[in-house]
Amino acid sequence: MTGMTSTARPFLNRRLAEFGTTIFAEMSALAMSTGSINLGQGFPDTDGPEEIREAAVRALRDGRGNQYPPGPGIPELRTAIAAHQERRYGLSYDPDTEVLVTAGATEAIAATLLALLEPGDEVIAFEPYYDSYAACIAMAGGTRVPVTLRPHEGSFRLDLDELRDAVTDKTRLLLINTPHNPTGTVLTREELAEIAKLAVERDLLVVTDEVYEHLVFDDAEHLPLATFPGMRERTVTIGSAGKTFSFTGWKVGWVTAPPALISAVRSAKQFLTYVSSGPFQYAVAEALTLPDTYFEAFRADMLAKRDVLAAGLTEAGFEVFRPQGTYFITTDIRPLGESDGFAFCRALPERAGVVAIPNAVFYDHREAGAPFVRFAFCKQTEVLEEAAKRLKAAW
């Protein structure tokens, strides 16, 4: 006897049956057991600005946020988020009715989809997609409709005709991610204008995940979809402190949207975490007021790290898709004589002492993502150089 209740039905909700332990947990465990360099999960290996860490310590000591903060988030942070959107993009939001603080962008995505979807609603998401999108759509009872980004002239691009063709009478919303994880694609002004036009024509809601907004490189620029004609009133914009300030463990994210959409998302969010990250909210409020020099230096540092890892991967024999944004590089393993990203990544720690993520986990059409593997470059330069050295030695 195992002591467990026997039932005819599996314990796990059937909507989540396809989602087991995440690939990130599996690969991080492999990194630990083999002593490999972990370029799989996207978290920095150094903390963000010291003054922001001290702001969190100060809040703790002063007793600010140690008890439940207000449901929508502390006023200081909501005001700072609104000011950031106004200063950076000319988007005006009321801190009291159009801003909601969440437990990271992950909760923002979950609460938004749970709030806005009903069973049978279709959600169009770009494939490959961040894995929580699929799980959250499933939990809400929605149906995900992937539109595949495909390699074209050194980057992954959107086929606008395919996007238009994917919209049906059941389509409830478009789930957009730019800068895009895992491919590093940044949607252009022209692409965003067409997406906006489609959303208006078909009266679709849009949820846009912009957590990498401050990590755009080369000639790319981040343009919030809410700035396009007809979009502010139908767009839920998601942001996060974790990626911008390198405090991913604090889990401070946010949503900006018109009052009716914020009210809907808050109704779902209050039954998830209710509130979170009390003292850290005060610190992030200060972080958002950092001068432009911080954001410029942060981007320049990540750009330099991108180039270090991209060069190393190229020398090791990978085909490298140089990202315009985020802190991930997608590679094609076929030049190495490989074609199965799962098998490749499971063997890579023993073979090279490096951990990566198979992109196929981000696809419904697994075969389309089979030969692609993602590496994170949000690590110390010497770590990236050592990883590159190990990969080169393995082939």
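Residues numbered from 1 in each chain as written. Predicted model: local features only at pLDDT ≥ 70, side-chain atom pairs only at ≥ 80, totals over all residues. Heavy atoms only, no water.

**Points about the packing of aromatic side chains**
For step 1, the next point in the chain: Per the counting criterion, the structure on display carries 20 aromatic pairs.
For step 2, the next point in the chain: Relative to Phe 377, the ring of Phe 217 lies with its centre 6.3 Å away and its plane at 50°, an arrangement referred to as tilted. Of this pair, Phe 217 sits in the loop between strand 8 (205–209) and strand 9 (235–240) while Phe 377 sits in the loop between strand 15 (372–376) and helix 14 (381–394), and the two are 160 residues apart along the sequence.
For step 3, the next point in the chain: Owing to a relative accessible area of 1%, Phe 217 belongs among the buried residues under this scheme. (Phe/Tyr/Trp six-rings, centres within 6.5 Å; stacked < 30°, edge-to-face > 60°. Helix = DSSP H or I, 4+ residues; strand = E, 2+ residues; numbered from the N terminus. Buried < 20%, exposed > 50% of the residue type's maximum accessible area, 1.4 Å probe, protein only.)

**Points about the sheet that holds strand 12 (residues 328–332)**
For step 1, the next point in the chain: Taken in spatial order, the four strands make up an open sheet running 11-12-15-14, and their pairing is antiparallel. Lying at the two open borders of the sheet, with one neighbouring strand each, are strand 11 (319–321) and strand 14 (357–358).
For step 2, the next point in the chain: Sheet topology places strand 11 next to strand 12; three bridges connect them, and they run antiparallel. Bridge pairing in strand 12 links Glu 319 to Asp 332. (Pairing = 2+ DSSP bridges.)

**What about the UniProt feature "domain: Aminotransferase class I/classII large" (unreviewed entry) in the protein chain?**
For step 1, the next point in the chain: According to UniProt, the feature "domain: Aminotransferase class I/classII large" (unreviewed entry) maps to residues 37–391 in the numbering used here.
For step 2, the next point in the chain: Along residues 37–391, the helical share is 41% and the strand share 18%, with 11 Å between the first and last C-alpha atoms. (UniProt positions renumbered as here; feature names shortened; annotations may be inferred.)

**Observations regarding the nonpolar core**
For step 1, the next point in the chain: Counting 102 residues, the largest nonpolar core has Leu 77, Leu 173, Leu 175, Phe 245, Phe 318, Phe 375 and Leu 391 as its most contacted members.
For step 2, the next point in the chain: Looking at this core, the element that brings in the most residues is helix 11 (residues 292–316), giving eight residues.
For step 3, the next point in the chain: Excluding residues within four positions of it along the chain, Leu 173 makes contact with Leu 113, Leu 116, Leu 117, Glu 122, Val 123, Ile 124, Leu 205 and Val 207.
For step 4, the next point in the chain: Formed by 27 residues, the second largest nonpolar core is a distinct cluster that contains Ile 124, Leu 158, Leu 163 and Leu 223. (Core = buried A, V, L, I, M, F, W, Y, C linked by side-chain atoms within 4.5 Å. Contact = heavy atoms within 4.5 Å.)

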